[in-house]
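# Descriptive structure summary
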Amino acid sequence: MWYMISSQDVENSLQKRLSVRAEHLARLQLLADEGKLLIAGPHPAIDSDTPGEAGFTGSLVVADFPSLEEAQRWADADPYIAAGVYQSVIVKPYKLVLP
């Protein structure tokens with residue numbers, strides 16, 4: 001089943017994000033390689049694809065996991081959590097309707 005992982009950053013998270021970004025992206029790439037990633041990306045702090053120093057306010061991942069518990073375990077192991085990037089993370093089942 002698909003699960004939505006919505007994360008909210010702490011204030012001024014950009015440097016923390018950059019410090020572990022490669023590890024964060026590597027985990028997402030593994031999901032993509034397994035065909036289990038629907039979408040993933042950050043929320044820019046300003047109305048721009050390249051927010052520069054404004055940074056980001058959070059992230060959204062929609063991925064396929066066997067259960068809510070496994071999706072939560074995957075989310076809890078994100079390098080952004082260990083680095084203090086995320087203030088909160090919500091994991092919920094997601095039903096793909098369109099396209």
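Residues numbered from 1 in each chain as written. Predicted model: local features only at pLDDT ≥ 70, side-chain atom pairs only at ≥ 80, totals over all residues. Heavy atoms only, no water.

Take Ser 7: it is sitting in strand 1 (residues 2-9). Exposure remark for Ser 7: the relative accessible area of 5% places this residue in the buried category. With residues near it in sequence (within four places) discarded, Ser 7 still touches Thr 57, Gly 58, Ser 59, Tyr 86, Ser 88 and Val 89. (Helix = DSSP H or I, 4+ residues; strand = E, 2+ residues; numbered from the N terminus. Buried < 20%, exposed > 50% of the residue type's maximum accessible area, 1.4 Å probe, protein only. Contact = heavy atoms within 4.5 Å.)

Attention shifts here to the nonpolar core. Tyr 3, Ile 5, Leu 28, Leu 31, Val 61, Ala 63, Phe 65, Ala 71, Trp 74, Ala 75 and Val 91 together form the largest nonpolar core, which totals eleven residues. The biggest single contributor to this core is helix 2 (residues 68-76), with three residues. The contacts of Ile 5, once residues within four sequence positions are left out, are Ser 59, Leu 60, Val 61, Phe 65, Ala 71, Trp 74, Ala 75, Val 89, Ile 90 and Val 91. (Core = buried A, V, L, I, M, F, W, Y, C linked by side-chain atoms within 4.5 Å.)

Let's shift gears to the environment of Tyr 94. Relative to the helices and strands, Tyr 94 is located in strand 4 (residues 86-94). Taking the C-alpha atoms as reference, Tyr 94 lies 8.9 Å from Ala 63; in sequence the two are 31 residues apart. When sequence neighbours within four positions are dropped, the list of residues in contact with Tyr 94 reads Met 1, Trp 2, Tyr 3, Met 4, Leu 38 and Val 62.

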